[in-house]
Every structure is written in C-alpha cells, then in structure tokens.
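If you want the building blocks of each chain, they are given just below.
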Amino acid sequence: MTTQDKPIFVLMGVSGCGKSAVAKQVAYNLDASFLDGDFLHPKASILKMQNGTSLNDEDRMPWLNLISNAAFAMCNVNDVSIIICSALKRKYRDIIRGENKNIHFIYLKGSYDVIAKRLAKRKGHYQKSEMLQSQFDTLEEPTIHEKNVYTVNIEQPLTDVVNDTEQVIRSICNCE
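Rules used throughout
- Residues numbered from 1 in each chain as written.
- Predicted model: local features only at pLDDT ≥ 70, side-chain atom pairs only at ≥ 80, totals over all residues.
- Heavy atoms only, no water.
- Helix = DSSP H or I, 4+ residues; strand = E, 2+ residues; numbered from the N terminus.
- Buried < 20%, exposed > 50% of the residue type's maximum accessible area, 1.4 Å probe, protein only.
- Areas by Shrake-Rupley, 256 points an atom, 1.4 Å probe, with all protein chains shown as cover.
- Lys, Arg positive; Asp, Glu negative; His and termini not counted.
- Charge placed at Lys NZ, Arg CZ, Asp CG, Glu CD.
- Core = buried A, V, L, I, M, F, W, Y, C linked by side-chain atoms within 4.5 Å.
- Contact = heavy atoms within 4.5 Å.
- Salt bridge = Lys/Arg side-chain N within 4 Å of Asp/Glu carboxyl O.
- Axes fitted to C-alpha atoms, helices over the stretch in contact; angles between N-to-C directions.
- Parallel < 35°, antiparallel > 145°, perpendicular 65-115°, else oblique.
- Left-handed = near helix turned anticlockwise from the far one by under 90°.
- Nonpolar A, V, L, I, M, F, W, Y, C, P; charged D, E, K, R; others polar.
- Pairing = 2+ DSSP bridges.

**Student:** Explanation requested: the overall build of the chain in the structure shown.
**Tutor:** In terms of regular secondary structure, the chain is built from seven helices and five strands. Sequence-ordered secondary structure for the chain, helices as α and strands as β, is β-α-β-α-α-β-α-β-α-α-β-α. On the principal axes, the C-alpha backbone points of the chain span a range of 45 × 35 × 30 Å. Within the chain, buried positions represent 47% of all 176 residues. As presented, the chain carries roughly 9,000 Å² of accessible surface, and 50% of it is formed by carbon and sulfur atoms. When the 21 basic and 21 acidic side-chain charges of the chain are each reduced to a single mean position, those positions are 4 Å apart.

See the structure below:
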C-alpha cells in the first residue's frame, strides 16, 4: 500500500460533539493510529481558550498546519489514521488537506441543544461551554461540493455513532 493509499480520517465538529469518545473507540476497534489535534495547540491558544476567549483564524493557522503535517507523517507509517480536529471552516479543512490526497473528513453533526447538554456535563477540558455559540457561529458545514466529507448524526447513542463512523471508514478502506 502506497502512502497515498493509506487513508487519514479527520473527525470534525464543534466542541462537545463526541470527537474524542468516538475516535478513541473507532481507533481501538480498527487498530488505527490516533492523534488528538488538541495536543498540537500552541500554549498561547490553550491559555486563551482557558480564559474563555475564542480563537480567531490567525490563532488557528499554525495549529492547522501542524495537523496537516502530522497527517502526512501518520500516513507514512500507518495503514489507517484517525485525527480529531474541529475543522470548523472549509478553509481550515483545505489547510489540513494540503498536499495530502488521502484525507477524509467525518463530520459529527448534532444540534446546539444536544451538544450544550453534553458540554455542561464535561469536566476538565479547556474549551468552556460558554464558547459553544461561537463554535456554531464559526461552523461552515461541509457541502456536497466538498470532496471526501461524510456526515454522521450524533443524536443517537454513542455505540451507534461509533458504528456509523466505522461503517464510513470501512466503506473507504479495507480495514477489519
């Protein structure tokens, strides 16, 4: 399998949509490599979010480039890779795509009310629940004109979201 044949799946969506929970389980089930894109945020961005300030495009650019580079590195050593990243705007997704021709985005889609309830229960994350509205305001939902983007409805039990996500991945690659 060549590097360009090794798919990378970016689980995307607003904070609280379940990217981490879904990606960790899918990566385990499929024996795929996994990277939490949040680990690549520069310190200044993390401190900004901890203080309740949303990131702007300028803040996100170095982070998005790191994710694109990580995707390239991962596909050189792994048959299937999963990265989580909000990727809220099309231009963010395009930066992550970069020269990586094997990137697929899986949009974990849910309503504001469902995600707000989930965020209210979450502890220990620097993304504050008060910032959810700004995430929805920033979100440019993928359209049919965007290549290699798939949508999974998160308004169902986690096991079903995981199964639907795995089904998308299995339809693209020969992973067991």
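**Student:** Just checking my understanding: could you explain the nonpolar core for this structure?
**Tutor:** Nonpolar side chains tend to gather and get buried jointly when the protein is soluble and globular. Ranked by size, the top nonpolar core spans 47 residues in total, and within it L11, I82, I96 and L108 carry the most contacts. The dominant element in this core, judged by the number of residues it contributes, is helix α3 (residues 57-77), at seven residues. Contacts of L11, omitting those with residues within four sequence positions, involve K19, V22, A23, I82, I83, I84, C85, I106, L108 and T165.

**Student:** It is not clear to me how the pattern of salt bridges should be interpreted in this structure. Could you clarify?
**Tutor:** Two side chains carrying opposite charge are able to pair once their charged atoms lie near each other. Applying the stated rule across the entire model yields nine salt bridges. In this structure, the salt-bridge partner of D59 is K48, at a minimum N-O distance of 2.5 Å. Placement of D59 in helix α3 and of K48 in helix α2 (residues 43-50) is noted, with a sequence separation of eleven residues between them. You can call K48 partly exposed: its relative accessible area is 23%.

**Student:** I keep staring at the packing of helix α1 (residues 19-30) against helix α7 (residues 158-172) and nothing clicks. Help me out?
**Tutor:** Two packed helices can be described by the angle between their axes and the distance between those axes. With their axes 9 Å apart at the nearest point, α1 and α7 run at an angle of 55 degrees to one another. On the basis of the axis angle, α1 is oblique to α7. Once α1 is placed against α7, the crossing between them reads as right-handed. Where α1 approaches α7, its residues A21, V22, Q25, V26, N29 and L30 are matched on the opposing element by L158, V161, V162, T165, E166, I169 and R170. Of the residues in the contact of α1 with α7, the class split is eight nonpolar, three polar and two charged.

**Student:** Would you mind showing me how to read the sheet that holds strand β4 (residues 103-109) here?
**Tutor:** Each strand in a sheet pairs with its neighbour through backbone hydrogen bonds, running either in the same direction (parallel) or in the opposite one (antiparallel). Judged by pairing direction, the sheet is parallel, and its five strands sit side by side in the order β2-β3-β1-β4-β5 without closing on themselves. Each end of this open sheet is capped by a strand with a single partner; those strands are β2 (33-36) and β5 (149-153). On average, each strand axis in the sheet is tilted by 20 degrees relative to the strand beside it, whichever way the strands run. Judged from the five bridges that link them, β4 and β5 form a sheet pairing that is parallel.

**Student:** How do you make sense of the packing of α3 against helix α4 (residues 90-97) when you look at a structure like this?
**Tutor:** One way to put it is that α3 packs onto α4 with a least axis distance of 8 Å and a crossing angle of 30 degrees. Where α3 crosses over α4, the handedness of that crossing is right-handed. Contacts from D57, R60, M61, L64, N65, I67 and S68 in α3 reach K91, Y92, I95, I96 and R97 in α4. Residue classes in the contact of α3 with α4 are distributed as six nonpolar, two polar and four charged.

**Student:** Help me understand unusual backbone geometry, please; the structure alone is not making it clear to me.
**Tutor:** A negative phi holds for most residues other than glycine; trans holds for most peptide bonds. At A87, a residue that is not glycine, the phi angle is positive and equals roughly 45 degrees. Non-glycine residue N148 carries a positive phi angle of around 60 degrees. Along the chain, the position of N148 falls in the loop between α6 (132-138) and β5.

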